Amino acid sequence: MSDYPFQSIEQKWQSFWETQKTFRTPENVDTSKPKYYVLDMFPYPSGIGLHVGHPLGYIATDIVSRYKRMKGFNVLHPMGFDAFGLPAEQFAVEHGVHPRVTTENNIDNMLRQLKAIGLSYDWDRKLATTDVDYYKWTQWIFLKLFNSYYDSDLDKARPIEELVTQFEGTHAGWSNLSETDREAILAEHRLAYLAEVPVNWCPQLGTVLANEEVTNEGRSERGNYPVFRRPLKQWMLRITSYSDRLADDLDGVDWPEPVKMMQRNWVGRSEGAHVDFPVNGLEGKLRVFTTRPDTLFGATYMVLAPEHEWVDAITTPEYQAEVKAYRKATSEKTDIDRMSDSKTKSGVFTGGYATNPVNGTQIPIWIADYVLAGYGTGAIMAVPAQDERDWAFAEVYDLPIIRTVQPTEGFDGKAFTGDGLAINSGFLNGLAIKEAKAKMIEWLEAEGHGQGTINYKLRDWLFSRQRYWGEPFPILRGEDGSVRAVEEKDLPVALPPMEDFRPTATDDPNAPPRPPLSRAPEEWRIVEIDGKRYERELNTMPQWAGSCWYYLRFIDNKNEVSFAQSEKENYWMGPNGVDLYIGGVEHAVLHLLYARFWHKVLFDLGYVSTIEPFGRLFNQGYIQAYAYRDERGIAVEATETVDQDGKPAMEVQDQPGRKFFYKGQPVTQEYGKMGKSLKNAVSPDEVNEKYGCDTLRLYEMYMGPLEASKPWNTRDIVGVNRFLRRVWRNFVDEESGAILVSDSEPTDAQLRILHKTIVRMTTDMERMSFNTAIAALIEFIAEFVAEDTIPRAVAEPFVLMLAPLAPHLAEELWQRMGHSESLAYAPWPVAEEKWLVEDTIKLVVQVNGKVRSTINVPTDASKEAILEASKSDENVARYLEGVSIQREIYVPGRLVNIVVG
RNA sequence: GCCGGGAUGGCGGAAUAGGUAGACGCAACGGACUUAAAAUCCGUUGAGCAAUUUGCUCGUGCGGGUUCGAGUCCCGCUCUCGGUACCA
């Protein structure tokens, strides 16, 4: 009984790697060698632990790391934990334990699970965003943001002192301004600033949320609680200064196109113009933003957002009651209500009129909730003929419509948004849209009625959270309301230990926020500097702060004088940042946009050497699984569901004609992303126990392409497990345990299959096509099942190629073959050309594109000889009788096609 | 609605630059070994027709097209999975 002893092998090598520090990347590497930085999106250490979907990407990066080491690269492959934030804190609240404790427990459990998969991380670089010596630098970066401004002439961030110097020279009376006034002016420029803004307030979480953390339904992404708009003074980050660069620099990175597109959409750059409309009876002009300045002649009314600050001034007495009622109704609507009402447009007339600057027409001013206060200027010129929303509104309230673009012939729709020539548009008539826009902008600028401009959807990043489990801001507040940064030398500002860390959750959306830190002990909260009393900022940073820059800390995680030494940063990040970054597509906007923003600030200030953090991004697919719901629609445990014959559902779920039952009750089958909500999670621990982690690794990679989502099918695991057992039996005598590798010369046929396999493996590794790589190894070993021994000259390269995929078994066989060193840094096999060429090749012979025969010809046969052989083939000749040959096509090494007529 | 990805046997998937569609694995069926089972090994397995073999027709979501040749390229759809949603 020596059937593939995976348990002892895997334990042995995992402890070997750990004690030998096999995968330790030295602090000082030989920088003449090429480097490869492979990074996973680090996980939240949740309390439930991993399911088999989580390690999919980790296994892939591990294979790449191991392969690159064998190819002679210095590899940086670290792992850490994103441990601050709502999930960790909610878990702690639910279990009544301090988040520090739950976080550490969860990290320990996850570490155990990760180590049990044999991942080759350099664990000496492990970090958690909750480590004080990590978040010290998160706070340090915040200070950089606070102490910088965006110079739009140079298009880069600069230290705020340089702006002060500039103001001292140019700003009349700067030195006469009070401290408070100067600070107020600087706050308008700082990349981190306090502002009273309408925020997404989630009373049940007791905190505000960033736009990106609110779902389409107007609920919190975390916990699915209702979110309300309300104004609050909060920390903001001026990410909007980077709008263009965040969009444009995507051109230079190797990322999946859909992710680039999502980011570009999120930035939402649109080119257009501001147009200023005089309003009857008012000073000043009402400004609108439009992307269609060419349609100005068709603007038949104006619409303001109900929240627009001019509404009261514009509204005439007889309409005041109506306007007031509409504004009140709008403000009480949640986003969900606005969504559900979006089918029919509503609004009210203010009684006011504006003058269309291009033709002097008086047009009515309305307010309507289809115009958003937060985009553009919060006011639009309505051009129903060329805008579907405006058309819908005009239809409801019977407002005039003037076409200013000639619709294409036969167009019978309402608003025409396609291209066409301008009509009813004075000096624009006859121009196509593009030219008409340019000419109108020229006119607006010349006449002083507006100018060309660019608008973005992207808003500044709301950076405060009223929670305990986050990085404290390195900020002090004076009793007079002044704001003062903590000195760099006084970092870190450690989170105070607190018994009661819970947020003040409430059902009342209007209750004031009460951050947990307001209950912190006074010795933490109150700071006295030069006799002046300050209270610490009581909000904390959002979860995304810590994950914005962790890839930089891995480079030099023990450094106490800077976040990373610049020589090391230069080596590991150059020339294009992280060489391979793998994670789920769910971070397409949030994490990746925020991290890019911070990176660009650090770049501008000279702290990092690349304009982008992640040169190559790769999204692994999801692992999906069947799930079952009972009659009430509640998900039931998939593992306890059976079919009509009592067979476990997991074994027969893809077969037709099955009915499923849970505890005797009929259930319906569906299919979705593996996870706790569908109760269809499979733990890697189960697979490890039954088959070993080499099998788990192989199966996860063998399921299909890494980027595709694919179904978990427990039944299929035996396939790759059989392969590993076959390898074991082929290398190790079942009775004696002796190694079955001989020193005899391999046959030519064996060398051919070996070198063909090397070519396949190498190309598959390079393109991360691990499923086909495994298939190549299966085919290789199938050639040897009948052999008693394998010649060393083919056995060793095979084991080396197996190593990245099934490293424990490979190490064991390598050692048994007589090697005393780990194979982790052994050179990857190289194919020899002479074993790749065959004496004869098989060619397909087609007649009129249909395969009629195959012929074997010498590799060096001439085209003439090949055509001759083709035509004389019995089954081909039948098709050539009585017809004339029109054309003869010969594709070298592939096929012959004879075209007959 | 708009934007993007995808659709290949009973199932997961392969086909790298337009060149034998279905590699490899699962499941299924047949056989060998075994007292038996497990494990292992060998074989069959897209559909249909014909059949002793050599064969023939159809076939990559649907309908067209380009080409000697299309899973792959082009045009028009269907379904599906993501993203986004009054962004002027």
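A quick note: this is a predicted structure, and the numbers were derived from the prediction, not measured.

Participant: Would you mind going over the overall build of chain A with me for this structure?
Facilitator: For chain A, the count of helices and strands is 29 helices and 35 strands. C-alpha extents for chain A along the principal axes are approximately 100 × 85 × 70 Å. Looking at chain A residue by residue over its 901 residues, the buried ones come to 53%. Contacts spanning at least 24 positions in sequence make up 70% of the contacts within chain A whose residues lie at least 6 apart. Accessible surface, chain A as shown: approximately 40,200 Å² in total, 49% of it carbon and sulfur. Across chain A, the mean location of the 98 positive side-chain charges is 2 Å away from that of the 131 negative side-chain charges.

Participant: Even after reading the chapter, I still don't get the sheet that holds strand β1 (residues 35–40), so can you show me in this structure?
Facilitator: Across a sheet, strands are paired by hydrogen bonds formed along the backbone, either parallel or antiparallel in direction. Read from one edge to the other, the open sheet built from 4 strands follows the order β2-β1-β22-β23, with strand pairing classed as parallel. The sheet is open, and its two borders are formed by β2 (74–76) and β23 (617–619), each paired with just one other strand. Pairs of neighbouring strands in the sheet enclose a mean axial angle of 20 degrees, with direction left out of account.

Participant: How should I be thinking about helix α14 (residues 433–447) in this particular structure?
Facilitator: The α-helix winds at 3.6 residues per turn, so residues separated by three or four positions along the chain end up facing the same way. For α14, built from 15 residues, the straight-helix expectation of 21 Å at 1.5 Å per residue is met to within 8% by its first-to-last C-alpha distance of 21 Å. Three or more residues of α14 are buried, namely Ile-433, Ala-436, Met-440, Ile-441, Trp-443 and Leu-444. Along the axis of α14, the buried positions cluster into a sector of 160 degrees, meaning they face one direction only. Residues of α14 that are exposed and point over 90 degrees away from its buried face: Lys-434, Glu-442 and Ala-446.

Participant: When you look at the pairing of strand β34 (residues 885–891) in this model, what are you seeing that I'm missing?
Facilitator: For a regular strand, the rule is simple: side chains alternate between the two faces of the sheet. Of the strand pairs in this sheet, β34 and strand β35 (residues 895–900) are connected by 6 bridges, and their pairing is antiparallel. Across the sheet, the residue bridging to Glu-888 is Ile-898, located in β35.

Participant: What's the story with the sheet that holds strand β11 (residues 285–290) in this structure? I'm lost.
Facilitator: With antiparallel pairing, the 3 strands of this open sheet are ordered in space as β11-β10-β16. Pairing within the sheet leaves two strands with one partner each, and these edge strands are β11 and β16 (450–455). Sheet twist, expressed as the mean angle between neighbouring strand axes with direction ignored, is 30 degrees. Relative to β11, strand β10 (residues 270–278) runs antiparallel, the two sharing 6 bridges. Bridge pairing in β11 places His-274 opposite Phe-289.

Participant: Is there a simple way to think about the environment of Phe-798 in this case?
Facilitator: On the secondary structure map, Phe-798 appears in helix α26 (residues 792–802). Remark: the alpha-carbon pair of Phe-798 and Glu-567, spanning 231 residues in sequence, is separated by 38 Å. Residues in contact with Phe-798, not counting those within four places in the same chain, are Phe-723, Val-727, Phe-731, Leu-754, Leu-777, Phe-780 and Ile-781.

Participant: I keep staring at a nonpolar patch on the surface and nothing clicks. Help me out?
Facilitator: Taken together, the side chains of Met-261, Met-262 and Val-585 present a nonpolar region at the surface, about 220 Å² in accessible area. On the secondary structure map, Met-261 appears in helix α9 (residues 257–267).

Participant: How should I be thinking about the pattern of salt bridges in this particular structure?
Facilitator: Pairing between side chains of opposite charge can happen when their charged atoms approach one another. Under the criterion given, the structure shown has 46 salt bridges. Note that Arg-502 is salt-bridged to Asp-500, the shortest N-O span being 3.2 Å. Given a relative accessible area of 45%, Arg-502 falls into the partly exposed group. With a shortest N-O distance of 2.8 Å, Glu-796 and Arg-792 are connected by a salt bridge. Remark: Arg-792 and Glu-796 occur in helix α26; sequence separation between them is 4 residues, near one turn of the helix. On the basis of relative accessibility, which here comes to 26%, the residue Arg-792 falls in the partly exposed class. Bridged by salt links that share partners, the residues Lys-21, Arg-24, Glu-27, Asp-122, Asp-124, Arg-125, Asp-556 and Lys-568 form one connected network.

Participant: Any chance you could explain the protein's contact with RNA strand B here in plain terms?
Facilitator: The environment of RNA strand B is formed by 60 residues, the closest being Thr-291, Tyr-375, Arg-389, Tyr-879 and Asn-897. Near the protein, meaning within 4 Å, the atoms of RNA strand B are sugar or phosphate in a fraction of 69%, with bases accounting for the rest. Contact distances for RNA strand B include 2.5 Å between a phosphate oxygen and a side-chain N or O atom of Arg-722. Residue Arg-878 places a side-chain N or O atom 3.4 Å away from a sugar or linking oxygen belonging to RNA strand B. The class makeup of the residues in the surface near RNA strand B is 24 nonpolar, 14 polar and 22 charged.

Participant: Explain the nonpolar core here, please?
Facilitator: Most often, soluble globular proteins keep nonpolar side chains buried together rather than apart. Counting 191 residues, the largest nonpolar core has Trp-461, Trp-598, Trp-712 and Phe-731 as the members making the most contacts within it. Apart from the residues lying within four places of it in its own chain, the contact partners of Phe-731 are Ala-738, Ile-739, Leu-740, Val-741, Ile-781, Ile-790, Ala-795, Phe-798, Val-799, Leu-813 and Met-817. Core analysis: the second largest hydrophobic core is formed by 44 residues, Ala-273, Ala-305, Phe-349 and Ile-367 among them.

Participant: It is not clear to me how the pairing of strand β21 (residues 532–536) should be interpreted in this structure. Could you clarify?
Facilitator: Direction of pairing for strand β18 (residues 475–478) relative to β21: antiparallel, over a ladder of 3 bridges. Looking across to β21, one finds that Leu-476 is bridged to Arg-536. With 4 bridges connecting them, strand β20 (residues 526–529) and β21 associate as antiparallel partners. Across the sheet, the residue bridging to Val-527 is Tyr-534, located in β21.

Participant: Is there a simple way to think about the packing of aromatic side chains in this case?
Facilitator: A ring pair, where both rings are aromatic, is described by two values, the distance of the centres and the angle of the planes. Enumeration according to the criterion identifies 51 aromatic pairs in this entry. On the numbers, 4.9 Å between centres and 90 degrees between planes, the contact of Tyr-67 with Trp-828 is edge-to-face. Of this pair, Tyr-67 sits in helix α2 (residues 55–70) while Trp-828 sits in the loop between α27 (807–816) and β32 (840–847), and the two are 761 residues apart along the sequence. Here Tyr-67 falls in the buried class, since its relative accessible area comes to 1%. Taking relative accessible area as the criterion, Trp-828 reaches 5% and is therefore assigned buried. Between the aromatic rings of Tyr-370 and Phe-393, the centroid separation amounts to 5.3 Å while the plane-to-plane angle is 45 degrees, which identifies the pairing as tilted.

Participant: Quick question: what am I supposed to make of unusual backbone geometry here?
Facilitator: A negative phi angle is the norm for most residues apart from glycine, just as the trans form is the norm for most peptide bonds. Going from Leu-491 to Pro-492, the amide bond is cis rather than trans, its omega being 0 degrees. Counting through the fold element by element, Pro-492 comes out in the loop between β19 (483–485) and α15 (522–525). Residues Gly-574 and Pro-575 are joined by a peptide bond in cis, for which omega reads -10 degrees. Within the fold, Pro-575 resides in the loop between α18 (566–573) and β22 (580–583). For Met-768, which is not glycine, the phi torsion reads 50 degrees and is therefore positive. Mapped onto the fold, Met-768 is located in the loop between α24 (748–766) and α25 (770–782).

Participant: Honestly, the packing of α26 against α27 in this entry has me stumped. Any pointers?
Facilitator: Between two packed helices, what matters for the description is the angle formed by their axes and the separation of those axes. Viewed as axis vectors pointing N to C, α26 and α27 meet at an angle of 150 degrees, and their least axial separation amounts to 8 Å. Considered as vectors, α26 and α27 are oriented roughly antiparallel to each other. The element α26 and its partner α27 pack so that their crossing is left-handed. Residues Glu-796, Val-799, Leu-800 and Leu-802 of α26 lie in contact with α27, whose contacting residues are Pro-807, Leu-809, Ala-810, Leu-813 and Trp-814.

Participant: Whenever I open this one, helix α6 (residues 160–170) confuses me. Can you help?
Facilitator: Among the residues of α6, those classed as buried are Ile-160, Leu-163, Val-164 and Phe-167. Seen from one end, α6 has its buried residues packed into an arc of 100 degrees, which puts them on one side. Facing away from the buried side of α6, by more than 90 degrees, are the exposed residues Thr-165, Glu-168 and Gly-169. Where α6 is buried, its residues contact β5 (148–151), β6 (156–159) and α7 (179–187).

Conventions we followed
Residues numbered from 1 in each chain as written. Chains lettered and ligands numbered in written order. Predicted model: local features only at pLDDT ≥ 70, side-chain atom pairs only at ≥ 80, totals over all residues. Heavy atoms only, no water. Helix = DSSP H or I, 4+ residues; strand = E, 2+ residues; numbered from the N terminus. Buried < 20%, exposed > 50% of the residue type's maximum accessible area, 1.4 Å probe, protein only. Contact = heavy atoms within 4.5 Å. Areas by Shrake-Rupley, 256 points an atom, 1.4 Å probe, with all protein chains shown as cover. Lys, Arg positive; Asp, Glu negative; His and termini not counted. Charge placed at Lys NZ, Arg CZ, Asp CG, Glu CD. Pairing = 2+ DSSP bridges. Axes fitted to C-alpha atoms, helices over the stretch in contact; angles between N-to-C directions. Expected span 1.5 Å × (residues − 1). Arc of directions from axis to C-beta. Patch = residues over 30% accessible without salt bridge, like charges linked within 9 Å, V, L, I, M, F, W, Y side chains within 5 Å. Salt bridge = Lys/Arg side-chain N within 4 Å of Asp/Glu carboxyl O. Near = heavy atom within 4 Å. Polar contact = N/O pair within 3.5 Å; in protein donor to acceptor, adjacent residues only side chain to side chain. Nonpolar A, V, L, I, M, F, W, Y, C, P; charged D, E, K, R; others polar. Core = buried A, V, L, I, M, F, W, Y, C linked by side-chain atoms within 4.5 Å. Phe/Tyr/Trp six-rings, centres within 6.5 Å; stacked < 30°, edge-to-face > 60°. Parallel < 35°, antiparallel > 145°, perpendicular 65-115°, else oblique. Left-handed = near helix turned anticlockwise from the far one by under 90°.

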